[in-house]
Amino acid sequence: TDHTRELSNLRPSARDKLLRLGNIVNTRRILDAKQEASWGRKERYTRYWRNFLHSLGIKEVFLEGWGRQSKELIGCCFLVELRENHQDQPTGTPSKRQKPLVVSTLRDAISHVGAAFRDDGRRSPFHISGWQGSAPDGLNPRTKELLKAFESREPPPQRQPAITAQFLEPVRLGVSGHQAK
């Protein structure tokens, strides 16, 4: 590599130290940078991806040799399958979900499957080619449209209403010990 010449000019103890520290750097980057739960999700979603492709008779996990539009179509079909069906069934055959997965879970799956592609130096079927974070999410237009359609069908989140100032006034008065005029 480019830095081999420079490293060969270092004294042996300095090279040994750099190699030892470089090993720690790699360990931290690879193993410690992500929490165990994140590694588990990545493994689970990439397994779902492989199983989905296998169910279609596609053996090439990274869709090598497939055109961009075909990859994007397969990626969108995967999201529909993941949203509508349970994937971890003992029979290996997905079963219908009572409620579809929410879009945030699909985004998590997209992120993890896309990372598996990037880790192998391949183009993700969900992301814009060459995306390095310049766009907010880097998703290709087909994937964005599909997620937007899913979001429009989701019920609004059930959030607790904000507490009003009118409701808090008696609490404030009780704590301060005097009446407001």
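Figured I'd write up the structure that's included with this text.

Basis of the calculations
- Residues numbered from 1 in each chain as written.
- Predicted model: local features only at pLDDT ≥ 70, side-chain atom pairs only at ≥ 80, totals over all residues.
- Heavy atoms only, no water.
- 1 Å grid on protein atoms, 1.4 Å probe; cavity = no way out; pocket = protein on both sides within 12 Å on 5 of 7 lines; lining within 4 Å.
- Points joined across faces, edges and corners; volume = space filled by probe spheres on them.
- Nonpolar A, V, L, I, M, F, W, Y, C, P; charged D, E, K, R; others polar.
- Helix = DSSP H or I, 4+ residues; strand = E, 2+ residues; numbered from the N terminus.
- Expected span 1.5 Å × (residues − 1).
- Buried < 20%, exposed > 50% of the residue type's maximum accessible area, 1.4 Å probe, protein only.
- Contact = heavy atoms within 4.5 Å.
- Patch = residues over 30% accessible without salt bridge, like charges linked within 9 Å, V, L, I, M, F, W, Y side chains within 5 Å.
- Areas by Shrake-Rupley, 256 points an atom, 1.4 Å probe, with all protein chains shown as cover.
- Salt bridge = Lys/Arg side-chain N within 4 Å of Asp/Glu carboxyl O.
- Disulfide = S-S within 2.5 Å.

1. Notes on the layout of surface pockets
- Taken as a whole, the largest pocket encloses approximately 210 Å³ of empty space.
- Surrounding the largest pocket, Arg83, Lys99, Pro100, Leu101, Val102, Arg153, Glu154, Pro155, Pro156 and Pro157 form its lining.
- Tallied by class, residues from the lining of the largest pocket come to six nonpolar, no polar and four charged.

2. A short note on helix α4 (residues 68-84)
- For α4, built from 17 residues, the straight-helix expectation of 24 Å at 1.5 Å per residue is met to within 8% by its first-to-last C-alpha distance of 25 Å.
- Within α4 the residues assigned to the buried category are Lys71, Glu72, Ile74, Gly75, Cys76, Phe78, Leu79, Leu82 and Arg83.

3. A word on the side chain of Asn85
- Relative to the elements of secondary structure, Asn85 occurs in strand β1 (residues 85-86).
- When near neighbours in sequence (up to four residues on either side) are disregarded, Asn85 contacts Pro94, Ser95, Lys96 and Arg97.

4. Looking at a nonpolar patch on the surface
- Among the surface-exposed residues, Ile163, Phe167, Leu168 and Val171 lie close enough to one another that they form a single nonpolar patch of about 390 Å² accessible area.
- Within the secondary structure, Ile163 sits in the loop between α6 (141-153) and α7 (165-176).
- For Ile163, a relative accessible area of 53% gives the class exposed.

5. Some points on the environment of Ile74
- Along the polypeptide, Ile74 turns up in helix α4.
- Taking the relative accessible area as the measure of exposure, Ile74 reaches 9% and is therefore buried.
- Note: C-alpha distance between Ile74 and Phe126 (52 residues apart in sequence) is 9.4 Å.
- Those residues in contact with Ile74 that lie beyond four places of it in its chain are Trp49, Phe52, Leu53, Ile58, Leu63 and Trp66.

6. Focus on the state of the cysteines
- Applying the stated criterion across every chain yields a total of zero disulfides.
- In this structure Cys76 is not part of a disulfide, and its nearest cysteine sulfur, from Cys77, lies 7.1 Å away.
- On the basis of relative accessible area, Cys77 is assigned to the partly exposed category, the value being 38%.

7. As for the pattern of salt bridges
- Following the criterion strictly, the structure yields 10 salt bridges and no others.
- Measuring nitrogen to oxygen at the nearest pair gives 3.1 Å for the salt bridge that ties Arg41 to Asp108. Highlighted residues: Arg41 in helix α3 (residues 36-55) and Asp108 in helix α5 (residues 103-119), separated in sequence by 67 residues.
- The exposure class of Arg41 is partly exposed, given its relative accessible area of 28%.
- The salt bridge involving Arg122 is made with Asp120; its shortest N-O contact spans 3.0 Å.
- Because the salt bridges share partners, they merge into one network encompassing Glu60, Glu64, Asp120 and Arg122.

Remember that the coordinates give geometry; whether it matters functionally is a separate question.
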